[in-house]
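Structure assessment
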There are 2 protein chains.
Amino acid sequence: MASALQKPPCAPVPKKIGVVLFPTFQTLDVAGPLDAFQWLSNYVPDLKLYLLANTLDPVSTKFSETVFPGSHTSDFGLSIVPTHTFDNAPQDIDVLFVPGGYGVMACGAAGDKVLNPVRAFIKERFPKVMYLLTVCTGSGLVAQTGVLDGYKATSNKAAWDWVTKQSQKVNWQPVARWTVDGKKDKGDRVDKVWTSSGVQAGMDMALAWITRVYQSYNPKPEDLGTTIATTEEYVRDLDPSRDPFAKKLCRGWD
Amino acid sequence: MASALQKPPCAPVPKKIGVVLFPTFQTLDVAGPLDAFQWLSNYVPDLKLYLLANTLDPVSTKFSETVFPGSHTSDFGLSIVPTHTFDNAPQDIDVLFVPGGYGVMACGAAGDKVLNPVRAFIKERFPKVMYLLTVCTGSGLVAQTGVLDGYKATSNKAAWDWVTKQSQKVNWQPVARWTVDGKKDKGDRVDKVWTSSGVQAGMDMALAWITRVYQSYNPKPEDLGTTIATTEEYVRDLDPSRDPFAKKLCRGWD
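Here's a quick rundown of the structure. All values reported here derive from a predicted model rather than from experimental measurement.

Time to look at the relation of the copies chain B and chain A. Rotating chain B by 180° and moving it 0.0 Å along the rotation axis overlays it on chain A with an RMSD of 0.0 Å. The superposition operator between the copies reduces to a two-fold rotation axis. Of the C-alpha atoms belonging to chain B, the one lying closest to the rotation axis is found on I80 of chain B, 2.4 Å away.

See below:
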């Protein structure tokens, strides 16, 4: 087990990570980065995880009849237990993490019932958090709230058509493993907004973000993202521009 | 969404996947393969997932005081909801999936209380299932039951010392992304036992296993594991011998 903090950083670092959950989220969009964050918690004292949803009921990855009535549904999936609702989430969450998955496309009355509270939470919290991270079509869900307008962002290329229609004011990057952007004129840090392509890109983005934000906590001289990836036995990709799936742009879901 | 079965295979295929959960399992050991299995369920009709644990209480990845009393603990982690207990798991489960994580090393009275039912379930079910799949230190937990004796197996290289001490009768493979073995003299299929190294190797093994077992369900001419990996935007590794972490053998946990 790695030793804890040796050299505390000078600037405040984010300690409270809030993960937004909704029905039919993509398992790996959440689990990939969270596995890395859990290793990170061995290095950063008092790192906290908040799993946030409409209610405290377990949230399933199943292709749900609740959000896609009359459509393809499946009984295959797993359920994660939220720790807080959007209503009682701590006010001082530092990091807003938004995964993707088919659930972001829930529409009609059933979709609005499920996603409107998610959108409201993202819109209200975005100005207050230090960082926003999205994986896959999570950026499409965030774009619906308008808070990504003017920022660089990317997403899963297989769902590119749908995602980019959620707001035409986002500076969508069609070839990117992940993007980093911020607006000094809005008082943001210049690396406030991190968005990634599909599941593996989300893991690589998370490791890059970990290094950017928490490097001073690494007792080893190497990159902290690499320290954690090695412990996971994960071969990370350090290059945010390497996007082998970009050629599938505008293809729509399979 | 991919269309369902076009060409049913001649031989029976496994439809019921049972995943063994225990406190302080590794998030990605479970979530990586399960994300692929969930995509697979779009191709294979009636594919079922059973999440199995001692009780129906959610099972956490947190470094738990329950299994490591007096040791390092953490409040950081997520919890997955089991669908069945070991006692009421369906008798006709076809696939036994065993993840790793620090929880496999739980010892003493607290560890035995948690893991003995897991071990008993694995030991009882192994002769009955069509396939056993392990990720990371999951092979160490299975080795404790004796059922891996005489089979080839591998594991996370950072935990190699601990894993290989669980049974010296296993044919441990120190350099392997994953292994496949079976014993015709025991009535097994020759590819019954699949074991992998750390988290990413587990994802690659799962995709290789999917191709081996379910290829006839792919409406596309390409490898089914690749079809699914592309949908996930995951760059898979097809080579079971490529093990970049093997040089860390016998290193012990960080």
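So, on to the nonpolar core. One finds F37, W209 and Y214 of chain A together with F37, W209 and Y214 of chain B to be the most contacted residues of the largest nonpolar core, which totals 168 residues. Residues in contact with F37 of chain A, not counting those within four places in the same chain, are I17, L47, F97, L133, A206, W209 and I210 of chain A together with F76 of chain B.

Residue and element names in this part refer to chain A. What the rule picks out here adds up to 20 aromatic pairs over all chains. Look at F37 and W209: their rings are 5.6 Å apart centre to centre, the planes differ by 70°, and that puts the pair in the edge-to-face class. In this pair, F37 is assigned in helix α1 (residues 27-40) and W209 in helix α5 (residues 199-214), connecting sequence segments 172 residues apart. Measuring from centroid to centroid gives 5.0 Å for F63 and Y102, while their planes differ by 75°, and the two rings are edge-to-face. One end of the pair, F63, is in the loop between β3 (59-60) and β4 (79-80); the other, Y102, is in the loop between β6 (95-98) and α2 (108-125), and 39 residues separate them in sequence. Judged by relative accessible area, which is 11%, Y102 ranks as buried. Linked through ring pairs, F37, F97, Y131, W209, Y214 and Y217 together constitute an aromatic cluster.

Once that is clear, we can look at the environment of Q144 of chain B. Residue and element names in this part refer to chain B. Relative to the helices and strands, Q144 is located in the loop between α3 (138-143) and β8 (152-153). For Q144, a relative accessible area of 25% translates into the label partly exposed. Measuring from C-alpha to C-alpha, the distance between Q144 and F68 comes to 19 Å, with 76 residues separating the pair along the chain. Beyond its immediate sequence surroundings of up to four residues, Q144 is in contact with V104, R119, W162 and Q166.

Criteria and thresholds
- Residues numbered from 1 in each chain as written.
- Chains lettered and ligands numbered in written order.
- Predicted model: local features only at pLDDT ≥ 70, side-chain atom pairs only at ≥ 80, totals over all residues.
- Heavy atoms only, no water.
- Least-squares fit on C-alpha atoms with pLDDT ≥ 70 in both.
- Core = buried A, V, L, I, M, F, W, Y, C linked by side-chain atoms within 4.5 Å.
- Buried < 20%, exposed > 50% of the residue type's maximum accessible area, 1.4 Å probe, protein only.
- Contact = heavy atoms within 4.5 Å.
- Phe/Tyr/Trp six-rings, centres within 6.5 Å; stacked < 30°, edge-to-face > 60°.
- Helix = DSSP H or I, 4+ residues; strand = E, 2+ residues; numbered from the N terminus.

Honestly, that's just the spatial picture; any functional story needs more than this.
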